[in-house]
Amino acid sequence: MSEDKSIREIRLEKLEKMIELGSNPYVQEKYEVNYSAIEILDNFESIQEKEIHYAGRIVSLRVMGKAAFAHISDGSNKVQCYFKKDDIGENAWELVQLLDIGDHAGVSGKLFTTKTGEKSIYATTLKPLSKCLHNLPLGKEKDGEKWYGLTDTEQRYRHRHLDLICNKEVRDMLVNRMKIIAAVRRYFDGVGYLESETPVLQQIAGGAAARPFTAHYNAYDLDVKLRISLELYLKRLICGDIPKIYEIGRVFRNEGVSNRHNPEFTMLEFYEAYVNLEDMMLRVEELFKFVAEQVFGTTVIETQGITIDFSKPWKRINLLQELEARTGITPEELSDINSAKTAMKRVGLPTENEDNLGGIIEKLLERFVEPNLIEPTFIIGYPIETSPLAKKDPNNPKFTRRFEGYIGGREICNAFSELNDPIDQLERFNQQLEERSKGDDEAHPMDEEFIYAMECGMPPTGGCGIGLDRMAMVLTGASHLREVLLFPMMKPEKQPITTA
């Protein structure tokens, strides 16, 4: 990132003068704060007679003769501070004049209200706590004053610390994402689940259809893969008679980037013994309701122009029935590959590369059904070819006891009545190996260790995975996945930082 050397040099000179005055901001290890900005503003009258100790970043500064006003933000909000030369002392007044927007400072004093009615701190002491050596991105005129904001999307994602400093709406969204993760943990801890950690580096990356990233384990001279799912290790814990288990962790899929996909993302997976698919639906409904209430204080959420009330049950729709309603393609037409390809061609989709019945059904779902799933909806009953870890539907063995949850046309979760028959599972893995031999590098690999765990006995189990980045998108109203990622992967920077 290029730098304006003159600005930096000027601020370094100010830093030297601060040090000469005996106030090196980098020497200070601690500053005792007794009230946050929100506490000061919300409890102003009741604490007006108390000594206030407050610290934060200077976001505005005006020096006028022998007095100065500065707004200091602690991230939650900002409070105006008033400095008067005659009251703060000669040394501190010199420090005031060496301050810049972006510096951190601590102040002490009493509360008062200015002639314009603004709640403020009448500062009697000042402690510089850090020196900002760069200009923060300068924004537009707003309510007659300059405000600071980083508007270039590329730079916002690349320099997220500036985004957090300068853009309150962004900060609120990302802080809410953190609160969402914390609320998810509270929910599962509260209903008796145990949180687990499973390996990130794996010899066999299973549990999903995705290309893995690869790495090398020097200690064992072994090529390994970054996990693409949490599933198989968590289900081994179920086999070890831990009946309720969950994990929140990063997973890695070497695939494209879009407004809904990022190769590195946060996954929640949870498994519960002796329950089924319908129980998982209730668990998902309960989770979203709990998190919405915990983070936003309501079950009614506005997201992307729609209103969702998470206190209501989600819709439940059969996949084949919904496909017929949307396309006219009957379940009978989707009973074999040839008739399915004919139907696919009839509705305008290419068939040249299709040799998998399940793949055809899911492409039809993606094209004709998913965009219409705006209200929270469970789509139930997925083909066996694309569901190698789910129990067969006893009423239709070509399909499985699996659902996916959708909100706003986006897939939010994926759940099964988990396959616990090791003989069936081995057959499924062998079928997946055949697909892999035909060139499908996303087909599920063979995992003999997982088969062995199942052979030792796995109880009936319900399981579900939820992409927490997508959950955060829904609950915060974000339109792009990167808006809820603190540090999305970026290509190397070629242009200097720009402001608007």
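Okay, so let's go over this structure. (Residues numbered from 1 in each chain as written. Predicted model: local features only at pLDDT ≥ 70, side-chain atom pairs only at ≥ 80, totals over all residues. Heavy atoms only, no water.)

**Considerations on the side chain of Arg410**
(1) Moving on: Here Arg410 is to be found in strand S20 (residues 410-417).
(2) Moving on: Although Arg410 lies buried, it forms no salt bridge, and the closest oppositely charged side chain, Glu483, sits 8.0 Å away as judged by the N-O distance.
(3) Moving on: Excluding residues that lie within four positions of it along the chain, Arg410 makes contacts with Arg260, Gln304, Gly405, Met473, Ala478 and Ser479. (Helix = DSSP H or I, 4+ residues; strand = E, 2+ residues; numbered from the N terminus. Buried < 20%, exposed > 50% of the residue type's maximum accessible area, 1.4 Å probe, protein only. Lys, Arg positive; Asp, Glu negative; His and termini not counted. Salt bridge = Lys/Arg side-chain N within 4 Å of Asp/Glu carboxyl O. Contact = heavy atoms within 4.5 Å.)

**Considerations on the packing of helix H7 (residues 168-190) against helix H9 (residues 277-296)**
(1) Moving on: Between H7 and H9, whose axes approach to 9 Å, the crossing angle comes to 130°. With respect to H9, the element H7 is oriented oblique. Both H7 and H9 take part in a crossing whose hand is right-handed. In this structure, H7 contributes Asn176, Lys179, Ile180, Ala183, Val184, Arg186, Tyr187 and Phe188 to the contact, and H9 contributes Arg283, Glu286, Leu287, Phe290, Val291, Gln294, Val295 and Phe296.
(2) Moving on: Here the contact of H7 with H9 is built from residues that sort into ten nonpolar, two polar and four charged. (Axes fitted to C-alpha atoms, helices over the stretch in contact; angles between N-to-C directions. Parallel < 35°, antiparallel > 145°, perpendicular 65-115°, else oblique. Left-handed = near helix turned anticlockwise from the far one by under 90°. Nonpolar A, V, L, I, M, F, W, Y, C, P; charged D, E, K, R; others polar.)

**Some thoughts on the sheet that holds strand S10 (residues 214-217)**
(1) Moving on: Strands sit in the order S9-S11-S10 across an open sheet of three strands; the sheet is antiparallel. Where the open sheet ends on each side, the last strands, each with one partner, are strand S9 (201-202) and S10. (Pairing = 2+ DSSP bridges.)

**Looking at the side chain of Ser73**
(1) Moving on: Take Ser73: it is sitting in strand S2 (residues 67-73).
(2) Moving on: For Ser73, a relative accessible area of 19% gives the class buried.
(3) Moving on: Among the polar contacts made by the side chain of Ser73, one reaches the main-chain carbonyl oxygen of Asn77 at a distance of 3.4 Å.
(4) Moving on: Once residues lying within four places of it in the same chain are set aside, the contact partners of Ser73 are Tyr54, Gly56, Arg57, Val59 and Lys78. (Polar contact = N/O pair within 3.5 Å; in protein donor to acceptor, adjacent residues only side chain to side chain.)

**Observations regarding the pattern of salt bridges**
(1) Moving on: Enumeration over the complete set of coordinates arrives at 29 salt bridges.
(2) Moving on: Shared partners join several salt bridges into a network, and the residues in it are Arg11, Lys14, Asp100, Asp103 and Lys131.

**Quick notes on empty space enclosed by the protein**
(1) Moving on: Inspection of every chain in the model, using the stated rule, returns one cavity of 30 Å³ or more.
(2) Moving on: Roughly 50 Å³ of internal volume is contained in the largest cavity.
(3) Moving on: Residue lining of the largest cavity: Gln202, Ile204, Gly206, Ser229, Leu230, Glu231, Leu232, Tyr233, Arg236 and Asp447, and that is the complete set.
(4) Moving on: In terms of residues, the lining of the largest cavity owes the most to one element, helix H8 (residues 231-239), which gives four residues.
(5) Moving on: Here the residues of the lining of the largest cavity are counted per class, giving four nonpolar, three polar and three charged. (1 Å grid on protein atoms, 1.4 Å probe; cavity = no way out; pocket = protein on both sides within 12 Å on 5 of 7 lines; lining within 4 Å. Points joined across faces, edges and corners; volume = space filled by probe spheres on them.)

**Topic: the environment of Glu375**
(1) Moving on: One can find Glu375 in the loop between helix H12 (357-369) and strand S17 (377-383).
(2) Moving on: In this structure Glu375 comes out as partly exposed when scored by relative accessible area, which is 36%.
(3) Moving on: Put simply, Glu375 and Phe270 are 105 residues apart on the chain and 23 Å apart in space, counted from C-alpha to C-alpha.
(4) Moving on: In contact with Glu375, not counting residues within four places along its chain, are Thr307, Lys315 and Tyr406.

**Remarks on the sheet that holds strand S4 (residues 104-113)**
Strand pairing in a sheet is mediated by backbone hydrogen bonds. Such pairs are either parallel or antiparallel.
(1) Moving on: Taken together, five strands build a closed barrel; the order of strands is S1-S2-S3-S5-S4 and the barrel is mixed. Averaged over all neighbouring strand pairs, the angle between strand axes comes to 50°, with direction disregarded.
(2) Moving on: Looking at chain direction, S4 and strand S5 (residues 119-130) are connected through ten bridges and run antiparallel. Looking at the pairing, Lys110 lines up with Tyr122 of S5.
(3) Moving on: Contacting strand S1 (52-64), S2, strand S3 (78-84) and S5, helix H4 (residues 90-98) runs over the sheet at an angle of about 80° to S5.

**Quick word on helix H14 (residues 448-455)**
(1) Moving on: Among all positions in H14, only Phe450, Ile451, Ala453 and Met454 are buried. Down the axis of H14, the smallest arc covering the buried residues is 160°, so these residues share one side. Residues of H14 that are exposed and angled more than 90 degrees away from the buried face: Glu448, Glu449, Tyr452 and Glu455.
(2) Moving on: Here the buried face of H14 lies against H8 and helix H13 (422-437).
(3) Moving on: Where H14 begins, the capping side chain belongs to Asp447, and its oxygen is found 3.3 Å from the backbone nitrogen of Glu449.
(4) Moving on: Remark: Gly457 follows H14 within two positions and exhibits a positive phi of approximately 110°. (Arc of directions from axis to C-beta.)

**Considering the pairing of strand S21 (residues 461-467)**
(1) Moving on: In terms of residue burial, S21 counts as a mostly covered element, since seven of its seven residues are buried.
(2) Moving on: Burial along S21 is two-sided: Thr461, Gly463, Gly465 and Gly467 facing one way and Gly462, Cys464 and Ile466 facing the other are all buried.
(3) Moving on: Pairing geometry for strand S13 (residues 264-273) and S21, over seven bridges, is antiparallel. Across the sheet, residue Tyr271 finds its bridge partner in S21, namely Gly463.
(4) Moving on: Where S20 lies against S21, five bridges are found, and the strand directions are antiparallel. Following the sheet pairing, Ser417 is matched in S21 by Gly462.

**Remarks on H13**
(1) Moving on: Taking 1.5 Å per residue as the helical rise, H13 with its 16 residues ought to reach 22 Å, and the 22 Å between its terminal C-alpha atoms agrees with that figure.
(2) Moving on: Residues of H13 that are buried: Pro422, Asp424, Gln425, Arg428, Phe429 and Gln432. When H13 is viewed along its axis, its buried side chains cluster within an angular range of 150° and face the same direction. Away from its buried face, by an angle of more than 90 degrees, H13 presents the exposed residues Ile423 and Ser437.
(3) Moving on: Its side-chain oxygen 2.9 Å from the backbone nitrogen of Ile423, Asp421 forms the N-cap of H13.
(4) Moving on: Two residues or fewer past H13, Gly439 is found with a positive phi of approximately 115°. (Expected span 1.5 Å × (residues − 1).)

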